[in-house]
Amino acid sequence: MKDKLKILEATGLAVHLCSGKKRMPLLRDVSLSLEPGEILGVVGESGAGKTMLVRSLAGLLSPPARVTAGKIRYGGNSLDYTDPAAWNSLRGRGIFVMFQSAVQALNPSLTVGRQLLEAVDVGRRAGPGKAMSTGQDPGLPESQSRKADVDQIGELLEAVGLSPDLAGRYPFEISGGMKQRVQVATALALRPRVLIADEPTTGLDPVNQEVILGLLSALNRDFGTALILVSHDIRAVACLSRRILVMEQGRVAEAGYSDQVVSSPRSAAARQLVENMIQLEKGACPCRILN
Ligand SMILES: Nc1ncnc2c1ncn2[C@@H]1O[C@H](COP(=O)(O)OP(=O)(O)OP(=O)(O)O)[C@@H](O)[C@H]1O
Ligand SMILES: [Mg+2]
């Protein structure tokens with residue numbers, strides 16, 4: 001039987017910190033695949049290599065970390081690590097990353113509205129109907145065109161439960177939960193084929209956790225965006241994703257269907273995460289709203 005097309009695939013991926021002749025392994029022999037519209041969970045304790053994997057999959061490793069073995073394919077085509085232009089054209093509409101760190105997530109010197117406008121422009125250049133678009137006519141006079149931009153940014157902010165007034169604020173003026181929502185609003189403008197969300201709910205209160213997971217789930221359901229949800233919280237990931245990859249010390253400790261990994265974990269790493277989940281279980285599941 002012919003394999004289903006994979007939108008994103010990593011095979012035998014290795015990443016090392018390279019300094020002179022010294023090499024320190026950060027990722028070893030990591031393989032994963034993501035089908036269009038699928039949700040894949042990536043879980044692991046702190047330091048397991050989740051963010052390294054995210055950065056590798058999006059071509060965002062910075063020296064001295066570099067890919068030393070393996071392949072990454074997007075839509076079946078191999079990506080060349082020595083060709084930053086290829087990655088630049090893929091990021092945004094092809095692969096969008098929601099960063100773990102608020103510092104990396106948003107440009108501190110641009111207002112929220114300005115950053116969303118950049119995403120809107122990228123989505124617009126991709127063509128009508130492909131991204132959330134007002135269908136703005138490029139021939140409109142400048143004042144009308146600006147009004148359409150303001151309206152569209154307001155719509156995006158409202159879609160993630162934020163006030164349109166937030167457009168005039170800088171990232172340092174808004175909370176962590178708001179920054180995460182702005183990242184989701186950016187994704188709504190872009191409608192990427194793949195969204196990699198690195199710890200999208202960590203550090204947020206339960207209400208914001210629910211909101212963010214609900215928005216990501218809607219992006220997947222409504223626009224077919226394939227998601228990689230990265231977290232140390234197996235319970236948050238398990239209720240959304242069909243399959244889970246458990247990472248430990250830069251390797252894949254276990255991979256399987258979410259319900260099986262949670263109900264009968266095979267690896268020590270998965271057992272530990274499930275144990276942590278049971279300890280936390282007294283609180284409600286952050287995505288119970290979705291069930
Ligand atoms: N720039 C860097 N230079 C050196 N080592 C690094 C660098 N970035 C990460 N590491 C190391 O790589 C390993 C994996 O880190 P990574 O940030 O991917 O973990 P993580 O699973 O995302 O953890 P967390 O849940 O805390 O975000 C860790 O041992 C970390 O110390
Ligand atoms: Mg991380």
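A. How the structure looks around the confidence of the model for the protein. Summing up the model confidence of the protein, the mean pLDDT is 87 and the portion of residues at 70 or higher is 88%. Contacts of residues 128-138 to residues separated by more than four positions or lying in other chains number 23 contacts, the stretch itself having pLDDT below 50.

B. How the structure looks around the coordination of the magnesium ion (ligand 2). With distances of 2.0 to 2.3 Å, the protein atoms coordinating the magnesium ion (ligand 2) are Thr51 (OG1) and Gln100 (OE1). With Thr51 in helix H1 (residues 50-57) and Gln100 in the loop between strand E6 (95-98) and helix H3 (102-105), this pair connects stretches of sequence that are 49 residues apart. For Gln100, a relative accessible area of 40% translates into the label partly exposed.

C. The pattern of salt bridges, seen in detail. Per the counting criterion, the structure on display carries eight salt bridges. Between Arg242 and Glu38 there is a salt bridge, with the nearest N and O atoms lying 3.1 Å from each other. Of this pair, Arg242 sits in the loop between helix H8 (234-238) and strand E9 (243-248) while Glu38 sits in the loop between strand E2 (22-34) and strand E3 (39-44), and the two are 204 residues apart along the sequence. By relative accessible area, Glu38 is classed as buried at 5%.

D. Quick peek at helix H7 (residues 206-223). In a regular helix each residue adds 1.5 Å, so 18 residues correspond to 26 Å; H7 covers 25 Å between its end C-alpha atoms and thus fits that length. Of all the positions in H7, only Asn208, Gln209, Glu210, Ile212, Leu213, Leu215, Leu216, Ser217, Ala218, Leu219 and Asn220 are classed as buried. Put simply, Asp205 is the residue that caps the front of H7, since its side-chain oxygen is 3.0 Å from the backbone nitrogen of Val207. Downstream of H7 by one or two residues, Gly224 has phi in the positive range, about 70°.

E. Structural detail: the side chain of Thr111. Structurally, Thr111 is set in the loop between H3 and helix H4 (112-125). Those residues within four positions of Thr111 in sequence are excluded, and the remaining contacts are Ala167, Gly168, Arg169 and Tyr170.

F. Representation of the environment of Ser46 within the structure. Within the secondary structure, Ser46 sits in the loop between E3 and H1. In this structure Ser46 comes out as exposed when scored by relative accessible area, which is 72%. The sequence separation of Ser46 and Met247 amounts to 201 residues, and the corresponding C-alpha distance is 9.9 Å.

G. Quick peek at the sheet that holds strand E10 (residues 251-257). Strands sit in the order E6-E7-E8-E3-E9-E10 across an open sheet of six strands; the sheet is mixed. Either end of the sheet is taken by a strand with one partner, and the two such strands are E6 and E10. Pairs of neighbouring strands in the sheet enclose a mean axial angle of 15°, with direction left out of account. In this fold helix H10 (residues 268-280) packs onto E3, E9 and E10, with an angle of close to 105° to the strand it touches most, E9.

H. Examining the site of ligand 1 more closely. As a matter of local geometry, ligand 1 sits amid Leu17, Leu26, Glu45, Ser46, Gly47, Ala48, Gly49, Lys50, Thr51, Met52, Gln100 and Glu199. Within the contact set of ligand 1, an oxygen atom lies 2.5 Å away from a side-chain nitrogen or oxygen of Ser46. At 2.9 Å, a side-chain N or O of Thr51 approaches an oxygen atom of ligand 1. In isolation ligand 1 exposes 630 Å². Once the protein is present, 59% of that is buried. With three residues, the single largest contributor to the shell around ligand 1 is H1. Taken together, the residues that form the shell around ligand 1 break down as four nonpolar, five polar and three charged.

I. Up close: the packing of H4 against helix H6 (residues 176-190). Direction vectors running N to C along H4 and H6 enclose 20°, while the axes themselves pass 8 Å from each other. On the basis of the axis angle, H4 is roughly parallel to H6. Two packed elements cross with a definite hand, and for H4 against H6 that hand is right-handed. In contact with Val112, Leu116, Ala119, Val120, Val122 and Gly123 of H4, H6 contributes Val182, Ala185, Thr186, Ala189 and Leu190. Partitioned by chemical class, the residues of the contact of H4 with H6 number nine nonpolar, two polar and no charged.

J. Structural view of the nonpolar core. Grouped together as the largest cluster of nonpolar side chains are 85 residues, with contacts concentrated most on Leu8, Leu53, Leu57, Val194, Leu195, Ile196 and Leu216. Examining the composition of this core, we find that seven residues originate from one element, H6, more than from any other. Setting aside anything within four residues of it in sequence, one finds Leu57 in contact with Leu8, Ala10, Leu32, Ile72, Tyr81, Trp87, Ile95, Ile196 and Ile228.

What counts, and at which threshold
Residues numbered from 1 in each chain as written. Chains lettered and ligands numbered in written order. Predicted model: local features only at pLDDT ≥ 70, side-chain atom pairs only at ≥ 80, totals over all residues. Heavy atoms only, no water. pLDDT = per-residue confidence, 0-100. Contact = heavy atoms within 4.5 Å. Donors = N, O, S within 2.8 Å, 3.2 Å for Na, K, Ca; no water. Helix = DSSP H or I, 4+ residues; strand = E, 2+ residues; numbered from the N terminus. Buried < 20%, exposed > 50% of the residue type's maximum accessible area, 1.4 Å probe, protein only. Salt bridge = Lys/Arg side-chain N within 4 Å of Asp/Glu carboxyl O. Expected span 1.5 Å × (residues − 1). Polar contact = N/O pair within 3.5 Å; in protein donor to acceptor, adjacent residues only side chain to side chain. Pairing = 2+ DSSP bridges. Axes fitted to C-alpha atoms, helices over the stretch in contact; angles between N-to-C directions. Near = heavy atom within 4 Å. Areas by Shrake-Rupley, 256 points an atom, 1.4 Å probe, with all protein chains shown as cover. Nonpolar A, V, L, I, M, F, W, Y, C, P; charged D, E, K, R; others polar. Parallel < 35°, antiparallel > 145°, perpendicular 65-115°, else oblique. Left-handed = near helix turned anticlockwise from the far one by under 90°. Core = buried A, V, L, I, M, F, W, Y, C linked by side-chain atoms within 4.5 Å.

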